[in-house]
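Overview (structure and organization)
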Amino acid sequence: MSAPFGAYQAEIYLRGLDGVTPAFTTDAGALEESARRVLEPGPFWYVAGAAGVGATAAANREAFDRWRIVPRMLREATRRDLSTTVLGTAMPAPVLIAPVGVQSILHPDGELATARAAAALGLPMVLSTAASYTIEEVARASGDGPRWYQLYWPNDDDVCASILGRAKAAGFTTLVVTLDTWTLAWRPHDLDGAYLPFLRGVGTAIPFSDPVFRAGLARAPEDDLTAAVLRWVPMFTGTDKSWDRLPFLREHWSGPIVLKGILHPDDARRAADAGLDGVIVSNHGGRQVDGAIASLDALPGVVEAVGDRLTVLFDSGIRTGADVVKALALGARSVLIGRPVAYGLAHGGESGVRHVLRSLLADLDLTVGLSGCRTLSELTRELLVPS
Ligand SMILES: Cc1cc2nc3c(=O)[nH]c(=O)nc-3n(C[C@H](O)[C@H](O)[C@H](O)COP(=O)(O)O)c2cc1C
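Here the structure is a predicted model, which means the values were calculated and not measured.

**A look at the packing of aromatic side chains**
Throughout the structure, instances matching the rule amount to 10 aromatic pairs. Ring centres of F64 and F314 lie 6.0 Å apart, and the angle between their planes is 80°; this geometry places the pair in the edge-to-face category. A residue pair is termed long-range when its members are at least 10 positions apart, and F64 in helix α4 (residues 55-65) and F314 in strand β10 (residues 311-314) qualify at 250 residues. Both residues of the pair, F64 and F314, count as buried. Taken together through their ring pairs, the aromatic side chains of Y152, F198, F208, F213, W232 and F236 make up a single cluster. Seen from the ring of W253, K168 lies directly overhead, with NZ or CZ sitting 5.1 Å from the centre. One Lys or Arg, R287, reaches over the ring of Y46 and ends 5.3 Å from the middle of that ring.

If you want it as C-alpha cells, here you go:
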C-alpha cells in the first residue's frame, strides 16, 4: 500500500491552525502566473512559451476538457493504492518527472533539487541530456531514487556511446529517446528575446564533462567555451535520424528503451516491430509542431495500435489529478509531469518541487477515491464520458 498522498491536504489545513499557509499556490491553474512573478522574462518564457502561436499548447489543455469523469458511489474507496511498476521501475504513483533541460535557469540547484525532491517521494526522474549538472552529480543527488535517462541523440556515435555508458554506470535504468526535437521549432517567445541558454554554455554539463567529447576539442570547455558550444550544438541538433539507426541504441543500452514524441499509430507500430519497449505519446508540450494534434487526442489511437505490445506513457498538458485519471483511463500506463515541476523549482528549489509534486499526488489520490476507485486497474475507459 502506497503512502496516503491525500494526507497532504490535512497537513496543510492543520498547519493553518498555526497561521502557516503554503509557500506558494496549490492551484495548478495559477502556477504559471505565480512563476512569472518570480522569474526573469527569459527563463519564464523559455518554460511557458511554445511553438508558433501556441495552438498545440492550448489544444493539449482543451483535449482534457472534452472528457469528463463519472464518479461512482459507495465503493469502499477509503484506502487507495496508486503504486505500479513500469518497465521494471517500481513507483508509488503512475507519475514520472519529465525530462526538462537547463534547470539552472530556474534555480541554482537545478536538476539536483529536482532529483532530491523526486527521490524523497520515490518518483522516477527522467534526466535530460540538456541538463545543467552532470549525469554523475544528478545520480548522487538522486541517491536511491529511481532514475531514467533521456537522450538527445548525438550525431557522433562515439560521444553517444560514451554518454549512454555513463548513464548506465550511474544507475539510470530506462533510456528515453526523444525524437521530436532533432531541431528546434520556431519559438517566438525565445526568438523575440534572442534567448537560447545552450549558446552560453548553459545546459551543456553532460557533453562538457564527457571524456570522449572533450577528447575531440583542441582546448577544454573551461578554457574555450565558444569552441565547445560550436562543437556540441550541431552534434545534438539539426540532423534527423531514421528507423534503421535504432539497433545502434540497442547495442549500447541493455535496459528498456522508450521512444518519446510518438503521435501516429503507425510510428507506434514501427516502434513495436523494431523491438522497443515503450513509447511516450507527447508533442513536447506544444513546443515543436504548432498545429500538431493534442497529445491526449493521439493517445487512444496509439493504445489501440500497440497497447498490448508496448508500454504506452503520456505527457503534454498534465496539470491536475483529474488529468492523470483521464490519461490513465484512456490507456496510458503512467504520465510525465513537465512545466509544473519547472515552476515549482523556480519558486523554491527542492522544497518548491516537493510542494508541486505533493499537491499533484494529493489531488490525484483524492480524485481517484472520490471517483469510487481504489487501484489503478479500476481507471478504465468506462469511468469517462465525452463532454
Ligand atoms: C522548459 C522545458 C524544457 C524541456 N526540455 C526537454 C528535454 O530536454 N528533453 C525532452 O525530451 N523534453 C523536454 N521538454 C518536454 C517535456 O519533457 C514534456 O514533454 C513537456 O513538458 C510536456 O508538456 P507540459 O509540460 O505542458 O505538460 C521540455 C519542456 C519544457 C517546458
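**Some thoughts on the packing of helix α5 (residues 110-121) against helix α6 (residues 135-142)**
One can describe the packing of α5 onto α6 by two numbers: an axis separation of 8 Å at closest approach and a directional angle of 30°. The chirality of how α5 crosses α6 is right-handed. Two secondary-structure elements touch here, α5 through E111, L112, A115, R116 and A119 and α6 through E137, V138, A141 and S142. Broken down by class, the residue content of the contact of α5 with α6 amounts to five nonpolar, one polar and three charged.

**Comments concerning the site of the ligand**
Looking at the ligand, there are 22 residues lining it, with P99, S128, T178, R319 and R339 nearest. In this structure, K260 approaches the ligand through a side-chain N or O atom, which is 3.0 Å from a nitrogen atom. The contact in question runs from an oxygen atom of the ligand to an N or O atom on the backbone of G317, over 2.8 Å. Burial of the ligand by the protein chains amounts to 98% of its free accessible area of 600 Å². Of the residues in the shell around the ligand, the class split is seven nonpolar, 10 polar and five charged.

**A word on the packing of helix α3 (residues 41-48) against helix α16 (residues 339-370)**
Pairs of packed helices are described in terms of their axes, by the angle between the two and the distance that separates them. Two numbers describe how α3 lies on α16: the axes approach to 10 Å, and their chain directions differ by 160°. Judged on the interaxial angle alone, α16 and α3 are roughly antiparallel. Together, F44, V47 and A48 of α3 and R339, A342 and Y343 of α16 make up the contact between the two elements. Residues that form the contact of α3 with α16 fall into these classes: five nonpolar, no polar and one charged.

**Topic: the pattern of salt bridges**
One pass over the full model with this rule turns up 17 salt bridges. Here D297 and R66 are joined by a salt bridge, their closest N and O atoms 2.5 Å apart. With D297 in helix α14 (residues 295-306) and R66 in the loop between α4 and β1 (67-69), the pair connects residues that are 231 residues apart, well separated along the chain. Judged by its relative accessible area of 38%, R66 is partly exposed. The salt bridge partner of R374 is E378, with a shortest N-O separation of 3.8 Å. Overlapping salt bridges, with partners in common, bring together E11, R15 and R358 in one network.

**Observations concerning the side chain of S359**
Within the secondary structure, S359 sits in helix α16. Of the polar contacts made by the side chain of S359, one reaches the backbone oxygen of H355; its length is 2.7 Å. In contact with S359, other than residues within four places in its own chain, are Y8 and T26.

**Some words on the pairing of strand β7 (residues 175-178)**
Of the two faces of β7, the one carrying L175 and V177 and the one carrying V176 and T178 are both buried. The sheet contact formed by strand β6 (residues 147-151) and β7 spans three bridges and is parallel. The residue of β7 that forms the bridge with L151 is V177. For the handedness criterion, the β-α-β arrangement of β6, helix α7 (residues 157-169) and β7 is classed as right-handed.

**Some remarks on unusual backbone geometry**
Positive phi, normally seen in glycine, also occurs at A194, with a value near 45°. For A194, the location among the structural elements is in the loop between α8 (188-192) and α9 (205-208). For A194, a relative accessible area of 63% corresponds to the exposed category. Positive phi, normally seen in glycine, also occurs at S316, with a value near 100°.

**Brief notes about the nonpolar core**
Counting 110 residues, the largest nonpolar core has Y149, L249, L299 and F314 as its most contacted members. In terms of residue count, the dominant contributor to this core is α16 (12 residues). Beyond its immediate stretch of four places on either side in the chain, L299 contacts V281, V312, F314, A327, L330 and A332. Of all hydrophobic cores here, the second largest spans 11 residues; its members include A98, V176, L313 and L336.

Each value, and the rule that gives it
- Along every chain, residues carry numbers that run from 1 in the direction the sequence is written.
- The predicted nature of this model means local features are confined to residues of pLDDT at least 70 and side-chain atom pairs, given and counted, to a pLDDT of 80 or more, with totals for whole chains, interfaces and linings taken over all residues.
- Processing note: side-chain calculations cover all non-hydrogen atoms of the structure and skip hydrogens and water entirely.
- The criterion for an aromatic pair is that two Phe, Tyr or Trp rings (for Trp, the six-membered ring) have centres within 6.5 Å, with stacked assigned to planes under 30 degrees apart, edge-to-face to planes over 60 apart and tilted to the rest.
- Helix numbering and strand numbering both begin at the N terminus, where a helix is a DSSP run of H or I of at least 4 residues and a strand a DSSP run of E of at least 2.
- Summary of the burial criterion: residues with accessible area below 20% of their type's maximum are buried, those above 50% are exposed, and those between are partly exposed, where the area comes from a 1.4 Å probe applied to protein chains only.
- In this analysis the charged atom, NZ for Lys or CZ for Arg, is taken to sit over a ring once it is within 6 Å of the ring centre and within 35 degrees of the ring normal.
- Throughout, an axis means a line fitted to C-alpha atoms (over the contacting stretch in the case of helices), and angles, computed between N-to-C directions, take values from 0 to 180 degrees.
- Crossing handedness follows the turn of the near helix against the far one: under a right angle anticlockwise gives a left-handed crossing, and clockwise gives a right-handed one.
- In this analysis, two residues are considered to be in contact whenever any of their non-hydrogen atoms come within 4.5 Å of each other.
- Note on residue classes: Ala, Val, Leu, Ile, Met, Phe, Trp, Tyr, Cys and Pro are nonpolar, Asp, Glu, Lys and Arg are charged, and everything else, Gly too, is polar.
- Whether a residue is near a molecule or strand is decided by its heavy atoms; if any one of them lies within 4 Å of it, the residue is near.
- Definition of a polar contact: a pair of N or O atoms within 3.5 Å, with one able to donate and the other able to accept a hydrogen when the atoms are protein atoms, and with sequence-neighbouring residues admitted only if both atoms are side-chain atoms.
- Throughout, the Shrake-Rupley method with a 1.4 Å probe supplies accessible areas, and for residues the shown protein chains are the sole cover considered.
- Working rule for angles: under 35 degrees goes down as roughly parallel, over 145 as roughly antiparallel, 65 to 115 as roughly perpendicular, anything else as oblique.
- Salt bridges, as used here, are contacts in which a Lys or Arg side-chain nitrogen is within 4 Å of a carboxyl oxygen on Asp or Glu.
- A pair of strands is considered paired only if DSSP assigns at least 2 bridges between the two.
- With strands facing away from the observer, any crossover in which the path from the first strand over the helix to the second runs clockwise is taken as right-handed.
- Among buried residues, those of type Ala, Val, Leu, Ile, Met, Phe, Trp, Tyr and Cys that are joined through side-chain atoms within 4.5 Å constitute a nonpolar core.

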